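# Reading the structure
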Amino acid sequence: MMDLILWRHAEAEELREGEDDLDRPLTARGEKQAARMAAWLDRQLPDGLRVLSSPARRTEATAKALGRKYKLRAELLPGGTPQELLELAQWPKSRGAVLLVGHQPVLGQAVASLLGLQAPECAIRKGSVWWLRQRQRPETTETILLAVQSPDFL
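Below is a summary of the structure that appears in this document. (Residues numbered from 1 in each chain as written. Predicted model: local features only at pLDDT ≥ 70, side-chain atom pairs only at ≥ 80, totals over all residues. Heavy atoms only, no water.)

Looking down a regular strand, the side chains alternate between one sheet face and the other. The buried fraction of strand β1 (residues 2-8) amounts to seven of the seven residues, a majority that puts the element mostly inside the structure. Side chains Met 2, Leu 4, Leu 6 and Arg 8 project from β1 onto one buried face, and the interleaved Asp 3, Ile 5 and Trp 7 project onto a second face that is buried too. Taken together, the seven bridges between β1 and strand β4 (residues 96-102) define a ladder with parallel strand orientation. Among the inter-strand pairings, Arg 8 is bridged to a residue of β4, identified as Gly 102. For β1 and strand β5 (residues 129-136), the ladder comprises six bridges, and the chain directions are antiparallel. If you follow Met 2 over to β5, its bridge partner there is Gln 134. (Buried < 20%, exposed > 50% of the residue type's maximum accessible area, 1.4 Å probe, protein only. Helix = DSSP H or I, 4+ residues; strand = E, 2+ residues; numbered from the N terminus. Pairing = 2+ DSSP bridges.)

Shown next, in the form of structure tokens:
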């Protein structure tokens, strides 16, 4: 059994002219979103969890709110593919749980692919978490959606 937890970065400042997209900080609201979601996650997350984050400033700030060790991985930067994301997570071959802090649309594309949805991607709100599990059944392997949580409803 493997858990894949996808956390979209919290609300970030709008891109300003001449600014690098990767340098955008969280807004005050985004900092509150990250703190609320981190508190919820901290109560739910299993021991031995691996945490990987995009090195973009807004995703690293979101990951930092959790207060656990994390690794920055370029594969999670904007423009990645669902396949790269799943390879990084070692889905579904690994055991245990991995938390990936990243960006749209790749998080939503990965969810749509894993759940076999017709749409090319799911809309994942800023600061929200989608928690999926891969489990073995006698005749098949299935991916189930365990939780969807938004910081705005905590």
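Another point: the sheet that holds strand β3 (residues 71-72). An order of β3-β2-β4-β1-β5-β6 is seen for the six strands of this open sheet, with the pairing classed as mixed. Edge positions in the sheet fall to β3 and β6 (141-149), since each of these pairs with one other strand and no more. For β5 and β6, the ladder comprises eight bridges, and the chain directions are antiparallel. Among the inter-strand pairings, Arg 133 is bridged to a residue of β6, identified as Ile 144.

Okay, the pattern of salt bridges next. Tallying each qualifying case throughout the model produces twelve salt bridges. The salt bridge involving Glu 13 is made with Arg 16; its shortest N-O contact spans 3.6 Å. The partner of Arg 125 in a salt bridge is Asp 152, and the shortest N-O contact between them spans 2.9 Å. With Arg 125 in the loop between α4 (106-114) and β5 and Asp 152 in the segment after β6, this residue pair connects regions lying 27 residues apart in the sequence. (Salt bridge = Lys/Arg side-chain N within 4 Å of Asp/Glu carboxyl O.)

For the rest of this paragraph, the subject is helix α2 (residues 57-64). The set of residues buried in α2 consists of Arg 58, Thr 59, Thr 62 and Ala 63. Angularly, the buried residues of α2 cover 135° about the axis, an arc narrow enough to put them on a single face. Summarising the contacts, the buried residues of α2 are in contact with β1, α1 (28-44), β2 (50-53) and β4. (Arc of directions from axis to C-beta. Contact = heavy atoms within 4.5 Å.)

As a further point, take the packing of aromatic side chains. Any pair of aromatic rings gets described here by the distance separating the centres and the angle formed by the planes. Taken as a whole and judged by the stated rule, the model has one aromatic pair. When the centroid spacing of 6.5 Å and the interplanar angle of 90° are considered together, the rings of Trp 40 and Trp 131 count as edge-to-face. With a gap of 91 residues between them, Trp 40 in helix α1 and Trp 131 in strand β5 connect regions that are remote in the sequence. No difference in accessibility class separates Trp 40 from Trp 131, as the two residues are buried. (Phe/Tyr/Trp six-rings, centres within 6.5 Å; stacked < 30°, edge-to-face > 60°.)

Next up on the list: unusual backbone geometry. Residues Trp 91 and Pro 92 are joined by a peptide bond in cis, for which omega reads -5°. Checked against the element boundaries, Pro 92 lands in the loop between α3 (82-89) and β4. Cis geometry marks the peptide bond from Gln 104 to Pro 105, where omega comes out at 5°. On the secondary structure map, Pro 105 appears in the loop between β4 and α4. Phi at Gln 90 is positive, roughly 60°, even though this residue is not glycine. Mapped onto the secondary structure, Gln 90 falls in the loop between α3 and β4.

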